Amino acid sequence: MISQGLDLSLKQELKINAQLLQTMETLSLSTEELREKIRKEAETNPALIVHDNTASYDAIAHQYRERTSRRESYADDAPFFADDKDEANWMEGMVGSRETLQEHLSAELGMLNMDSNVRHAAETLITSLDRNGFFPEDPEHLLKEDERKYAAEAVKVIQSLEPEGVGARDWRESLIIQARCKGMKDGELKLFSAFVMSELEKMKAGKTLQVAKELGVEKEDVEAMFSFLKTLTPFPGRKYGSEYDQYVVPELSIKKDENGILRMTLNRNAVPLVEIDPEYTALAAEYKGDRSAEGKKTEKFVREKISSASSLINQLEVRASTLERTGAVLMEKQKDFFLKGPRFLKGLTMQEIASEVGVHEATISRIAAAKYIDTDFGIYPLRALFSSKVESNDGENYSRNAVKEIISEIIRDNTTGKPLSDQKISDMLAERGIKAARRTVSKYRHELDIDSSFVRSN
């Protein structure tokens, strides 16, 4: 007889051991985070020997800081800031404190009341800002999949913080954000945005009357906007200190050799080489079978340290192997990108790569996080090689980033003197065999921060 209240049920549970959890964590770490992990392990584990060949990168960074401490270069495409006679004035706001931009923004964020999901997304995005206060790529791509729906709101929160202008994609957008923060709105803000986006080079050349004519305003209005512009800073993040300049070390390199053939290289010098101290291995063998209390205690200690060191070495091997296999598949899938450039980046999902590599999609997501790849066209975040697909009529697929690049090119090459509507751009894409609805074009135009009324000036 079964007693009352006894509930029999069958359920399935998945338990992940500590070793697997540590391996998963190691996959996600950036180069600097991994070096810090190795350093901390070496401090507490005498059985671990670390050969740090990465010191050369520190030397390179030091040399870079020495050069740039004597001259601050703001941006190749910032037409008047770098050469302005009052350039030194831009640096007057430099604070003496060692407080970093991330620390400052995080402190501000902590004082605001907001949805916890938005706060978490904002915290993540703040850590990704570069020394200028800008996002290195689309904010959505910097968040986990389940966080992306909060990206727009999180960016809005960041852009409301001090210093004004952070959370932009580039210096032009930063100037527009600063103007909005100072109360500029509606038609006035729209006019200022057009001024910033397309007229600054002509202002540098002294073509004030031409700018006024193109914008449809008086010369005095243009001069007033230009004066106001000079009260802003194109790089708001730079007035905050940091313990070191941020720099990245690409762990993968895919480039053409002298014969035009793609070659992939895993940069093993990016991460310190670690091994188990032979003396500890010999010590473990020496105390094996020792039945004394002292011997047992010593053997246990040595075995634990060797096991911990072996675990770390295994994690590093899995990380390097997974990264190398992922790079090999990317080289094949994105061959046109590596040979011809960003315009030829294809739509590619992490699931596709995971199937080829033979791992779970989550593993590819982790290995793509905070890693960089060196190409003939520059250094890119590994995540930039993944993008949703936009199909063409001939069966080819484009990445959304490639389509955005084409849209930008279409708008840039428009010499009709009239702005192109989203529908017109959609039709022009269709002529190239690319399927992109009007709504999609509108979305991409917004992400490019190109106003629908934008017209290129001749």
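Residues numbered from 1 in each chain as written. Predicted model: local features only at pLDDT ≥ 70, side-chain atom pairs only at ≥ 80, totals over all residues. Heavy atoms only, no water.

J.: Describe in detail the overall build of the protein, supporting the description with residues and values.
T.: The helix and strand tally for the protein stands at 19 helices and eight strands. Residue burial in the protein is summarised as follows: out of 458 residues, 41% are buried. Taking all contacts inside the protein whose residues are at least 6 apart in sequence as the whole, residues at least 24 apart take part in 66%. By element, 49% of the accessible surface of the protein is carried by carbon and sulfur atoms, the whole surface being about 26100 Å². (Helix = DSSP H or I, 4+ residues; strand = E, 2+ residues; numbered from the N terminus. Buried < 20%, exposed > 50% of the residue type's maximum accessible area, 1.4 Å probe, protein only. Contact = heavy atoms within 4.5 Å. Areas by Shrake-Rupley, 256 points an atom, 1.4 Å probe, with all protein chains shown as cover.)

J.: Give me the lowdown on the confidence of the model for the protein, citing residues and values where you can.
T.: Reading fine detail from the predicted coordinates is not recommended where pLDDT is low. Per-residue confidence for the protein gives a mean pLDDT of 79, with 80% of residues at or over 70. Mean pLDDT across the secondary structure elements of the protein bottoms out at helix α3 (residues 55-68), with 45, and peaks at strand β3 (residues 262-266), with 95. In this model, residues 82-97 is a region of pLDDT below 50 whose contacts with residues beyond four sequence positions or in other chains number 23 contacts. (pLDDT = per-residue confidence, 0-100.)

J.: Any chance you could break down the environment of V441 for me, citing the residues and the numbers?
T.: Following the sequence through the fold, V441 ends up in helix α19 (residues 438-447). Setting aside its immediate chain neighbours within four residues, V441 contacts I407, D422, I425, S426, L429 and A436.

J.: Would you mind going over unusual backbone geometry in detail, with residue names and values included?
T.: Put simply, E162 and P163 share a cis peptide bond, and its omega is 0°. With respect to the secondary-structure elements, P163 resides in the loop between α6 (151-159) and α7 (171-181). The phi dihedral of D186 is positive, around 50°, even though this residue is not glycine. You can see D186 is positioned in helix α8 (residues 186-198). What makes D186 exposed here is its relative accessible area of 63%. Here the phi dihedral of A370 falls at roughly 55°; this positive angle occurs in a residue that is not glycine.

J.: Requested: an account of helix α18 (residues 422-431), with residues and values cited.
T.: Each turn of an α-helix holds 3.6 residues, which means side chains three or four residues apart point in the same direction. Listed in full, the buried residues belonging to α18 are D422, I425, S426 and L429. In a view along the axis of α18, the buried residues occupy a sector of 105°, so they form one face of it. Within two residues after α18, G433 carries a phi angle of roughly 85°, on the positive side. (Arc of directions from axis to C-beta.)

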